[in-house]
Amino acid sequence: MHTQKPALTIALACALVVGVAAQRGGRGGPPPDSKPTPPADARIEKLKQDAAAEADAMRVFTQQMVDQVFSYGELGFQEIETSKYLTGILEKNGFTVQRGYAGMPTAWVATWGSGKPVIALGSDIDCIPQASQKPGVGYHDPIIAGAPGHGEGHNSGVPLNITAALAAKKIMDREHITGTLKLWPGVAEELVGAKAYFVRAGLFKDVDVSLFAHVGNNLSVSWGGGTGTGLVSVEYMFKGESAHSAAAPWRGRSALDAVELMDVGWNFRREHLRLQQRSHNVITNGGDQPNVVPQNAAVWYYFREVDYEHIKELRAIGDTMAKAAAMMTNTEVSSRLLGSAWPQHMNKTIAETMYANILHVGLPKWDEADVTLAKGIQTELKQPPIGLATQLGGMRGGLNPADNMGGPSDDIGDVSWNVPTVTLSYPANIPGMPGHNWANAISMATPIAHKGVTAGAKVQAMTIVDMLTRPELVQQAWDYFRNVQTKDQKYVPFVGPDDKPAVWMNAKILEQYRPEMRKYYYDPAKYKTYLEQLEIKYPTVRATKASKNH
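All of the points below concern the structure found in this document. (Residues numbered from 1 in each chain as written. Predicted model: local features only at pLDDT ≥ 70, side-chain atom pairs only at ≥ 80, totals over all residues. Heavy atoms only, no water.)

A closer look at the packing of helix 9 (residues 348–361) against helix 13 (residues 471–485)
Part 1 of the reasoning: The geometry of helix 9 relative to helix 13 is characterised by a closest axis approach of 7 Å and an angle of 135° between their N-to-C directions. When the axis of helix 9 is compared with that of helix 13, the two are oblique. Each of Lys348, Thr349, Ile350 and Thr353 in helix 9 lies in contact with helix 13, whose residues at this interface are Leu473, Gln476, Ala477 and Tyr480.
Part 2 of the reasoning: Taken together, the residues of the contact of helix 9 with helix 13 sort by class into 4 nonpolar, 3 polar and 1 charged. (Axes fitted to C-alpha atoms, helices over the stretch in contact; angles between N-to-C directions. Helix = DSSP H or I, 4+ residues; strand = E, 2+ residues; numbered from the N terminus. Parallel < 35°, antiparallel > 145°, perpendicular 65-115°, else oblique. Contact = heavy atoms within 4.5 Å. Nonpolar A, V, L, I, M, F, W, Y, C, P; charged D, E, K, R; others polar.)

If you want it as structure tokens, here you go:
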């Protein structure tokens, strides 16, 4: 564990730090009105150091969790093995677990402690389609071709939170500190399919502080409205009439024609939409076979924008186009909401507190093998072979909404508009990766992820202790939430009272691949690491000048 940095060193670090963009977020050091929270009294700072030391001492335990969840590779709403494993660990460590939360079989809430403050710890657990990849191999080499895999790194966040919670729990027990820890999983985040339902079910009703964690390639945190979007995920289902495509096509009414006309119309309209918007779609049902006029067809859209009103506007345009396409083809159309996310707004006080802990912990010490793997895949993907982060990310804050030109979404946004929230980005991935891709899985069961998750767990544990022992910080967090963030904008959910989580999604894919995937589940009783079980030499990269010289 790093020793506490003197105030002058911290000040210089703040002045000189260069923001390194995480997978989700922007660049930039602290703005003039934002600075790390000053240290507490000596006793509290000692408790925080003890918590970080406890997290550091659990390195092997953390590594096993990261590797185990990586080996499951489960898509959204099908995180069966993942949730069973993680809740088992929590129950073994004294947490009370409520399963099947908010109508989702793989959702759960684990609680320990009593009284205030209530601190919620969340992170995502689902993976990416067709992202199966051998860890530690710096080129495309799937474990099972076509199978899902952790091509974003969601195998690492809940293990980070469990380590941090157990470290804080030990301090709380020892010092008789009052408070409640509440852990929860981001089910189906890649479908933005769950967190609004967590909110609706009341998970955050009594929560004082929400600490989220998301994989990145540096240690960083931000506050305020950032770069990125919110969205609604909508499927349009068209119904027509079948007929023989050659003998009597005039007797048919093609639902697929309606889908294609809607897509053409949207693509023409796209030129006349704001630059901030992002929209994309896939055809989920294109009919059965060419000689039968498709009586059923469906198309699935993500409508993304940077604020609530513009997201609603995009949805309305999509609804209008769907109705028009149905009129043109004499078909019928219905729609269903598959997911939603509010734009994110993170809490200033909590971010400043967490950033002080980031400065204390610092980046992991990468060794030659770690850097070789990073440069190997960067070279493979024709990216600058810069290796891994060696300078801490900055604390971005206070972005002017007019400067937000759009980008990715995360349904942690819904949580952030209901309780003071921040997202810790931790360095478990490699810079320069494309995102939502097999390449983002390469580091996620290697020493890079193991070190990055431990560093993040130390920051998270220290921040938990801050929130438990410094009630003025919780009060300040709520002052910002009430008097700045939500002063003029209130949360209105996109999900309606009759909407339900799309828990059927991805079931067929896992039914197809799970029998083969089971053969590769990690067995920590036999192998120290998943790399050892897969007999992978770390690192394995193509022999290039860039990977040899660093």
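Some words on the pattern of salt bridges
Part 1 of the reasoning: Across all of its chains, the model carries 28 salt bridges by this definition.
Part 2 of the reasoning: When the shortest N-O distance is used, the salt bridge between Lys169 and Asp173 registers 3.8 Å. You can see Lys169 and its partner Asp173 sitting in helix 5 (residues 157–175), 4 residues apart, about one turn around the helix.
Part 3 of the reasoning: For Asp173, a relative accessible area of 43% translates into the label partly exposed.
Part 4 of the reasoning: Asp367 is paired through a salt bridge with Lys451; the nearest N and O atoms lie 3.6 Å apart. One end of the pair, Asp367, is in the loop between helix 9 and helix 10 (368–380); the other, Lys451, is in helix 12 (residues 447–469), and 84 residues separate them in sequence. (Salt bridge = Lys/Arg side-chain N within 4 Å of Asp/Glu carboxyl O. Buried < 20%, exposed > 50% of the residue type's maximum accessible area, 1.4 Å probe, protein only.)

Thoughts on the nonpolar core
Part 1 of the reasoning: Among the nonpolar cores identified, the biggest contains 166 residues, and Phe204, Leu219 and Phe238 are the most heavily contacted of them.
Part 2 of the reasoning: Take this core: its biggest share by element is 12 residues, from helix 12. (Core = buried A, V, L, I, M, F, W, Y, C linked by side-chain atoms within 4.5 Å.)

Some words on the packing of aromatic side chains
Part 1 of the reasoning: Applying the stated criterion across every chain yields a total of 20 aromatic pairs.
Part 2 of the reasoning: Seen from their ring centres, Trp266 and Tyr301 are 5.9 Å apart, and the 65° between their planes marks the pair as edge-to-face. Placement of Trp266 in helix 7 (residues 255–269) and of Tyr301 in strand 9 (residues 296–305) is noted, with a sequence separation of 35 residues between them. There is no split in this pair, since Trp266 and Tyr301 are both buried.
Part 3 of the reasoning: Clustering of aromatic rings is evident, with ring pairs tying together Tyr101, Trp184, Phe198, Phe204 and Phe212.
Part 4 of the reasoning: Over the ring of Tyr139 we find Arg542, and its NZ or CZ is 4.4 Å from the ring centre. (Phe/Tyr/Trp six-rings, centres within 6.5 Å; stacked < 30°, edge-to-face > 60°. Lys NZ or Arg CZ within 6 Å of the ring centre and 35° of its normal.)

Considering the environment of Val118
Part 1 of the reasoning: Mapped onto the fold, Val118 is located in strand 3 (residues 118–124).
Part 2 of the reasoning: By relative accessible area, which is 5% here, Val118 ends up buried.
Part 3 of the reasoning: Taking the C-alpha atoms as reference, Val118 lies 6.9 Å from Asp206; in sequence the two are 88 residues apart.
Part 4 of the reasoning: Sequence-distant contacts of Val118, defined by excluding residues within four places in its chain, comprise Thr180, Lys182, Asp206, Val207, Asp208 and Val209.

Concerning the sheet that holds strand 13 (residues 421–427)
Strand-to-strand pairing in sheets goes through backbone hydrogen bonds, with the strands running parallel or antiparallel.
Part 1 of the reasoning: With mixed pairing, the 6 strands of this open sheet are ordered in space as 1-2-4-3-5-13. Sheet topology places strand 1 (96–99) and strand 13 at the edges, where each strand pairs with a single neighbour. For this sheet, the mean angle separating the axes of adjacent strands, direction not counted, is 20°.
Part 2 of the reasoning: Pairing of strand 3 with strand 5 (residues 209–216), which is carried by 4 bridges, proceeds in the parallel orientation. Residue pairing across strands places Ala120 opposite Ser210, the latter belonging to strand 5.
Part 3 of the reasoning: In the packing of helix 4 (residues 80–92) onto the sheet, the strands contacted are strand 1, strand 2 (108–114) and strand 4 (179–186), and the crossing angle to strand 1 comes to about 155°. (Pairing = 2+ DSSP bridges.)

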